[in-house]
Amino acid sequence: MSTIELFKSDESTDKDLEDYKKNLRKHRLRMIGLWGGIVGAVILIGAVLWTGMQNRTFETYEVIRSFERTDTLTTQYAEFLNYVLKYSKDGVSCVDSNNNLVWSQTYNMQNPMVHVCRNSAAIAEENGTEVLIFDAAGSQGTIQTRLPIRQVCVSSQGVAAVLLEDGDAMRLKLYARNGEELVNAKFELQDVGYPLKMSLSADATKLAVTFLQVQDGGISTCLAFYNFSSVGENKEDRLVASRILKGMVMPEVNYMDGTHCFALGAGMLLIYEGMQIPELTREIELEKEVLSVFHSEKYIGLVVAGDEEPYALQVYDVQGNLQSETEFDMDYQTLKFSGNQILIYNEFECMMLSPGGKVYFTGSFEESIANLYTQSGRRRYIVMHASRTDQIRLK
């Protein structure tokens, strides 16, 4: 039987095949180099544009849309997700950036106080006995207490920590948003001192409390951390960490998220971190008196006296690293992180800057400012005046 050879190899064909493979490799390398150059150029152009935008400043603004305000002059505001909470003694409403009503709830509170944490908000009456829990969809539950409320804070999932006055003692209770009592602790004032401030972590597993203690004619602060997960079950009173600061009043303690916490007192900023048991990671001595403090999940803002201007804003990250220090001369009424920006304003003037200290807008409004917050990016903002709400764009 004869066979038919479809392809017969010889030196000529082997050389042709080898040349073809070499040319194919060269072509692929050229294409990789070409596309690598294109991607690199795009990244470089993007970096240049981003840097230019970060360094850009604005001189004025334009009003894009205006809405008539229907709330009262005593209405207060709080940013909540992408909305604004408008609350007063008669009730609360949630509106979007176009002033559309998302939900509302009536109540009767002479002195309402609000705490917001990511997806949840709590409203309670100081010295009252009721706490209301909300999320983006509206009311999620009501908590009734038998003792007067002194402080309240809420976690992202709606768990509320409530500090209650009970004669010569204070009680700390944790509630699920449906009103179920989860934790009940009692603090005898003569033993642990008077609680100045408490702060609940975003995941509701940890609580930080500062207690003012008076002993032998001197004062001190006890900074205490409690854990409500399985980690704290075997600890007395669920206390997992504490520190006594003699001769110091520390009125400020705040959980920034689920793991980072800071405490502030006269001349000292303490930075803590820990998924279960907080550990001191940074102790910063402050040379000047702190006039104001505010924070976001990423940054801590302190206002102290400036060297050349009346005020200086210091911004620290969650590790306690100083990100920027910016002096300014505005007699401010409000300082806050809004979006990724810092807003400083009084009745008519405002200043906007980045956490890195870049001031990109200073200006004034003809009508008084009731509230100011970021709508998107660095250019769009919502300004609430006495009679209307404006959407503005910097230019």
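Overview of the structure. Please read these numbers as outputs of a predicted model, since none were measured by experiment.

Description of the sheet that holds strand S9 (residues 138–144)
Pairing between sheet strands relies on hydrogen bonds along the backbone, with the strands arranged either parallel or antiparallel.
For step 1, the next point in the chain: Pairing in this open sheet of four strands is antiparallel, and the strands run S6-S7-S8-S9 from one edge to the other. Looking at the sheet topology across the chains shown, the edges are occupied by strand S6 (112–117) and S9. For this sheet, the mean inter-axis angle between neighbouring strands, taken without regard to orientation, is 20°.

Brief notes about the pattern of salt bridges
For step 1, the next point in the chain: In total, this model carries 15 salt bridges according to the counting rule given.
For step 2, the next point in the chain: A salt bridge links Glu 283 to Arg 243; the nearest nitrogen and oxygen atoms lie 3.0 Å apart. Here the residue Glu 283 occupies a position in strand S21 (residues 279–285), and Arg 243 occupies one in strand S17 (residues 239–246), the gap between them amounting to 40 residues.
For step 3, the next point in the chain: For Arg 243, a relative accessible area of 24% gives the class partly exposed.
For step 4, the next point in the chain: The residue Arg 388 makes a salt bridge to Asp 390 at a minimum N-O spacing of 3.0 Å.
For step 5, the next point in the chain: With relative accessibility at 29%, the residue Arg 388 sits in the partly exposed group.
For step 6, the next point in the chain: Three or more residues are tied together by salt bridges with common partners; here these are Arg 69, Asp 71 and Lys 86.

Structural notes on the packing of aromatic side chains
For step 1, the next point in the chain: All chains considered together, the criterion is met by eleven aromatic pairs.
For step 2, the next point in the chain: Centre to centre, the rings of Tyr 311 and Tyr 332 are 5.2 Å apart; their planes meet at 70°, and the pair counts as edge-to-face. With Tyr 311 in strand S24 (residues 311–317) and Tyr 332 in the loop between strand S25 (322–328) and strand S26 (334–338), the pair connects residues that are 21 residues apart, well separated along the chain.
For step 3, the next point in the chain: Relative accessible area serves as the criterion here: at 18%, Tyr 311 is assigned to the buried category.
For step 4, the next point in the chain: Since its relative accessible area comes to 17%, Tyr 332 is described here as buried.
For step 5, the next point in the chain: By the ring-pair criterion, three or more aromatic residues cluster together here, those being Phe 187, Phe 211 and Tyr 226.

Examining the nonpolar core
For step 1, the next point in the chain: Counting 19 residues, the largest nonpolar core has Ala 161, Leu 172, Met 198, Leu 207 and Phe 228 as its most contacted members.
For step 2, the next point in the chain: Broken down by secondary-structure element, the contributors of at least two residues to this core are strand S11 (160–166), strand S12 (169–175), strand S13 (181–188), strand S14 (194–200), strand S15 (206–215) and strand S16 (218–227).
For step 3, the next point in the chain: Beyond its immediate sequence surroundings of up to four residues, Leu 207 is in contact with Ala 161, Leu 172, Met 198, Ser 199, Leu 200, Ala 224, Phe 225, Tyr 226, Phe 228 and Tyr 255.
For step 4, the next point in the chain: Core analysis: the next-biggest nonpolar cluster, separate from the first, contains 16 residues, Cys 117, Ala 122, Ile 143 and Tyr 175 among them.

Regarding unusual backbone geometry
For step 1, the next point in the chain: We note that Leu 81 has phi near 55°; this positive angle belongs to a residue other than glycine.
For step 2, the next point in the chain: By the secondary structure assignment, Leu 81 is in the loop between strand S2 (76–80) and strand S3 (83–87).
For step 3, the next point in the chain: Owing to a relative accessible area of 38%, Leu 81 belongs among the partly exposed residues under this scheme.
For step 4, the next point in the chain: Of note in this structure, Asp 237 is not a glycine but carries a positive phi near 60°.
For step 5, the next point in the chain: Its relative accessible area of 63% is what places Asp 237 among the exposed residues.

Focus: a negative patch on the surface
For step 1, the next point in the chain: A surface patch of like charges, here negative, comprises Glu 308, Glu 309, Asp 329, Asp 331 and Glu 349.
For step 2, the next point in the chain: Relative to the assigned elements, Glu 349 resides in strand S28 (residues 349–353).

Cut-offs and rules
- Residues numbered from 1 in each chain as written.
- Predicted model: local features only at pLDDT ≥ 70, side-chain atom pairs only at ≥ 80, totals over all residues.
- Heavy atoms only, no water.
- Pairing = 2+ DSSP bridges.
- Helix = DSSP H or I, 4+ residues; strand = E, 2+ residues; numbered from the N terminus.
- Axes fitted to C-alpha atoms, helices over the stretch in contact; angles between N-to-C directions.
- Salt bridge = Lys/Arg side-chain N within 4 Å of Asp/Glu carboxyl O.
- Buried < 20%, exposed > 50% of the residue type's maximum accessible area, 1.4 Å probe, protein only.
- Phe/Tyr/Trp six-rings, centres within 6.5 Å; stacked < 30°, edge-to-face > 60°.
- Core = buried A, V, L, I, M, F, W, Y, C linked by side-chain atoms within 4.5 Å.
- Contact = heavy atoms within 4.5 Å.
- Patch = residues over 30% accessible without salt bridge, like charges linked within 9 Å, V, L, I, M, F, W, Y side chains within 5 Å.
- Areas by Shrake-Rupley, 256 points an atom, 1.4 Å probe, with all protein chains shown as cover.
- Lys, Arg positive; Asp, Glu negative; His and termini not counted.
- Charge placed at Lys NZ, Arg CZ, Asp CG, Glu CD.

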